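Structure assessment
These are the residues of each chain, in order.
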Amino acid sequence: MARRITRSASSGNLLEADDGSSKAPPLDEDDDLKSSFLPGLLGRRKKRLPSEKPKDCQARIGRVKVTLKKGLVYEEEVDAIVNSTSQTLTLDAGNASRAMLQKAGRSIQQECTRKYPDGIKFGELAETGGGELYCGYIFHGCLKYWRAEESNSVEQTLTDFVTKCLERGDQLQINSIAIPALGTGFLQFPAKVVVCRLLQCVKDFEMRHKSTTVLDIRFVIFPKDTKTFEDFENEFNRYSYTIYQKPTLQGVLPSKPKDIEYSLENLTVKLVSGCLVEQKVDVIVEALPPYRKPGSTRSSRAIVKAGGPGIEREFTKAFPVGIDVGDVESIGGHNLQNVKNVYFGALPRYAVKEGDQNQQALVLTVQLSLMKLQEDGYKTIAIPTLGVGDLKFPPRISAMKIFSSIKEYSTANKDSKIDTVYVVVDIRDSEFLNIWKEFEREINKIAPPKMKNKAPIIIEPKPKPPPVRGSRDWFSMMYEEELCVPSYWTDYKGGEKIKVCKRRNRRHPYSLVNVDQNTKDLVVNIVEKTWESHNVGKGADAKGLDMLFYNNIRITKVERVENLDLYESYVQERQRFFDKARARGGPFPLGTLPKSSGEIKTTSILKSNKTSTSFLSDIYPEINEHYVFHGTLAETLDSVLTQGLDCRMSRGTAMFGQGAYGAESSTKADQYVEVWYIMQTRKKTERKFLIRCC
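This one's a predicted model, so the numbers in the text were calculated from it and none came from an experiment. (Residues numbered from 1 in each chain as written. Predicted model: local features only at pLDDT ≥ 70, side-chain atom pairs only at ≥ 80, totals over all residues. Heavy atoms only, no water.)

Structural notes on the overall build of the protein
Scanning the protein from N- to C-terminus turns up 20 helices and 20 strands. In the protein, of all internal contacts separated by at least 6 residues, the share reaching a separation of at least 24 is 71%. Within the structure as shown, the protein displays about 38000 Å² of accessible surface, and the carbon and sulfur contribution to it stands at 51%. (Helix = DSSP H or I, 4+ residues; strand = E, 2+ residues; numbered from the N terminus. Contact = heavy atoms within 4.5 Å. Areas by Shrake-Rupley, 256 points an atom, 1.4 Å probe, with all protein chains shown as cover.)

Here is the structure:
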């Protein structure tokens, strides 16, 4: 049976890249009316009463902010959302999960089917990626139908599921999670029962996990379900005095915490609370959305207000269309006291699906600001909690990236003249205490605390266990792995970095090396076990082979092709497969596809052989990488050895069109050697390849 090898550079790879494009949020109905000609025709518009659009209810359970709002849960921009579905995880069975599936894409259903073929039990959790939603994870669960006579059992199932969602969120170190009014639709749960259970789950979770990263929990009620929202709101109000902290009175600031200071190799970093524009430094930093002007965010409005309109005028004149991510530009301080310049950078709005790119943009902004400070000859700089607030960066992410970037800059620039870097947490922010705790935790990680008259205690950190093979972390690790020469190669130094090896060695494009006896025995075993003598001479590709009067072959020699350029190109493309698998999950195993004859024969044979461990050490079935056979003509042999398989060199007469093919049967590969060549040269010796592909 022949299997086609898809070209690595084509768009037909087994893994497709995730489309990370984000859709703009819909405009508010009032905004549409304001921007149209209708107000002029209809006269003065009647002001909307507050009761027509209920405001979100917010309160706190310990450090956790709980929000009650109307909306569609699958449109929330959070790290994870919760979904109620059937035991079989058939997502289009219910109205809510069907709507979510249409928004997220069919990949969610495929992932459910692949990871949970037998479904789940009541109260259990099934985890998938977020697909096309604005979230990184979806937690699926199945609840029982409400029966008053079995209320304790039914409610316990709800409690178990919600608790597992929160616990899993804490394990994943996510920041926000959105939960709908679980069970209040088809399952007919009373809304009062649901909200009481949800609030109790959050309270119990917060008591058990005082240092949790899950600090933003949202209860999202379907917009037209007014009765459920009212029941939730009533319970919010009734329980608020017992489990919620009272909100800070407007205008009353929290007590100012003590500054934290650490000395790095050549500069000092300080975590302070206060107002950015009041810092006595040479430069302050501010982040804007791409192609926007100062004043477009709350923090930049404070800078414009304190520095005067000259800041906005200078920025607009120098950058009429704004700045892009990766740019850091300098503007004069104007009326800002003690500040000589303002560095403006650009950051995108944070999205879980694009978290890596967003975090890299933050790192780049901090490091470019420090480099520019050094170039301008200044010594002190104040950096706010970049991205937190209007740009929706989680405080934990902002803190981690800011401090790690400062430390990385200090390590890499030992001759830097920068004296002090201030990181300023805005004490006027309603979330000040939570933001401060996150930044306090991260600054303590970049340097050990100062100890007086005590010998430092060195605690060896426990080695982090390797990620589970096939997990997202494992795919990330494989994508980031340094490319090295295979350890079993002999013409080059095994384990050496490929780039270093290529720079030192300028040889013939390839070499053929005799393999050791164990490898030869394995290859012979694969050839013999996949040989199908009854198929010799049969089929269009085998035309004329019956004239040679043979039904078997014998392996006389096994050589390994060592071509460093070809190997580098292959593993680079393989790494891109790992990255796609990280973003969207691994591909379906070939043996599970419809009409498949099962697992690849070569792989099955190698797995059953106890001596094949080293042979399979660099093969990854997680991205459908396998060994297959390939037969070719004598005149194309050198070309294949030099540059690999090229679809353009193949004939267009194959069953599936022009392409490079691989076969799990050695008999099939044998059929691609021209009969006339063997008859004219009177040589019954041919060469074929055992190649790996994915």
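Considerations on the pattern of salt bridges
A side chain of one charge can pair with a side chain of the opposite charge if their charged atoms are brought near each other. Here the structure, examined in full by the defined rule, presents 31 salt bridges. The salt bridge partner of Glu 127 is Arg 168, with a shortest N-O separation of 2.6 Å. With Glu 127 in strand 5 (residues 125-129) and Arg 168 in helix 5 (residues 151-171), this residue pair connects regions lying 41 residues apart in the sequence. The shortest N-O distance in the salt bridge between Glu 438 and Arg 441 comes to 2.8 Å. Of this pair, Glu 438 and Arg 441 both sit in helix 12 (residues 432-446), 3 residues apart, which is roughly one turn of the helix. Judged by its relative accessible area of 30%, Arg 441 is partly exposed. Each of the salt bridges in this network shares a partner with another, and the network as a whole consists of Lys 69, Glu 76, Asp 216 and Arg 218. (Salt bridge = Lys/Arg side-chain N within 4 Å of Asp/Glu carboxyl O. Buried < 20%, exposed > 50% of the residue type's maximum accessible area, 1.4 Å probe, protein only.)

Concerning the sheet that holds strand 3 (residues 64-70)
The strands that make up a sheet are held in pairs by hydrogen bonds between backbone atoms, and each pair lies either parallel or antiparallel. Sheet architecture is open: 7 strands sit in the order 2-3-8-7-4-6-5, paired in mixed fashion. Each edge of the open sheet is held by one strand with a lone partner, namely strand 2 (57-61) and strand 5. Here the strands of the sheet are splayed against their neighbours by 25° on average, with no regard to which way each runs. Alignment of strand 7 (residues 176-180) against strand 8 (residues 216-221), held across 5 bridges, turns out to be parallel. By the bridge assignment, Ala 178 is partnered in strand 8 with Arg 218. Sitting on the sheet, helix 5 touches strand 4 (80-84), strand 5, strand 6 (137-141), strand 7 and strand 8, and the angle it makes with strand 6 is about 155°. (Pairing = 2+ DSSP bridges. Axes fitted to C-alpha atoms, helices over the stretch in contact; angles between N-to-C directions.)

As for the pairing of strand 7
Strand 7 sits mainly inside the fold: 5 of its 5 residues count as buried. Burial along strand 7 is two-sided: the residues Ser 176, Ala 178 and Pro 180 and Ile 177 and Ile 179 are all buried. In terms of handedness, the path from strand 7 via helix 6 (residues 191-208) over to strand 8 forms a crossover that is right-handed. (Right-handed = clockwise from strand over helix to strand, strands pointing away.)

Observations regarding the packing of aromatic side chains
A complete count under the given rule lists 15 aromatic pairs for this structure. Here the aromatic rings of Phe 578 and Tyr 620 are separated by 5.5 Å at their centres, their planes lie at 80°, and the arrangement is edge-to-face. With Phe 578 in helix 16 (residues 564-584) and Tyr 620 in the loop between helix 17 (601-607) and strand 18 (626-631), this pair connects stretches of sequence that are 42 residues apart. Judged by relative accessible area, Phe 578 falls into the buried class, the value being 1%. Members of the aromatic cluster, each reached through a chain of ring pairs, are Trp 474, Phe 475, Phe 578 and Tyr 620. The ring of Phe 229 has Lys 70 sitting right over it, with the charged end atom 5.4 Å from the ring centre. (Phe/Tyr/Trp six-rings, centres within 6.5 Å; stacked < 30°, edge-to-face > 60°. Lys NZ or Arg CZ within 6 Å of the ring centre and 35° of its normal.)

Focus on the environment of Val 285
Along the chain, Val 285 turns up in strand 11 (residues 283-288). Separated by 100 residues in sequence, Val 285 and Thr 385 place their C-alpha atoms 9.9 Å apart. With residues near it in sequence (within four places) discarded, Val 285 still touches Leu 276, Tyr 343, Ser 369, Ile 381, Ala 382, Ile 383, Pro 384 and Leu 386.

Focus: the sheet that holds strand 10 (residues 268-274)
Pairing in this open sheet of 7 strands is mixed, and the strands run 9-10-15-14-11-13-12 from one edge to the other. What marks the edges here is a single partner per strand, and that holds for strand 9 (260-263) and strand 12 (328-332). Strand after strand, the sheet turns through a mean of 25° between neighbouring axes, direction not considered. In this sheet, strand 15 (residues 420-426) lies alongside strand 10 in parallel orientation, the contact comprising 7 bridges. Across the sheet, Gly 274 pairs through a bridge with Asp 426, a residue of strand 15.

Section: the confidence of the model for the protein
Looking at the protein as a whole, the pLDDT averages 79, with 80% of positions reaching at least 70. Every residue in residues 1-53 scores below 50 in pLDDT, and together they form 73 contacts with partners more than four places removed in sequence or on other chains. (pLDDT = per-residue confidence, 0-100.)

Re the state of the cysteines
Put plainly, a disulfide is one covalent bond tying together the sulfur atoms of two cysteines. A complete count under the given rule lists 0 disulfides for this structure. Unpaired in this structure, Cys 201 has its nearest cysteine sulfur neighbour in Cys 165, at a distance of 9.5 Å. Residue classification places Cys 201 among the buried residues on the basis of a relative accessible area of 3%. (Disulfide = S-S within 2.5 Å.)

Notes on the side chain of Ser 511
Of note, Ser 511 is situated in strand 16 (residues 511-514). Here Asp 491 takes part through its side chain, which lies 2.8 Å from a polar atom of the side chain of Ser 511. Those residues within four positions of Ser 511 in sequence are excluded, and the remaining contacts are Asp 491, Arg 560, Val 561 and Glu 562. (Polar contact = N/O pair within 3.5 Å; in protein donor to acceptor, adjacent residues only side chain to side chain.)

With respect to unusual backbone geometry
Backbone geometry places Asn 338, a non-glycine residue, at a positive phi of 70°. With respect to the element layout, Asn 338 can be found in the loop between strand 12 and strand 13 (341-346). Phi at Lys 392 takes a positive value of approximately 65°, unusual for a residue other than glycine. Within the element layout of this structure, Lys 392 appears in the loop between strand 14 (380-384) and helix 11 (395-412).

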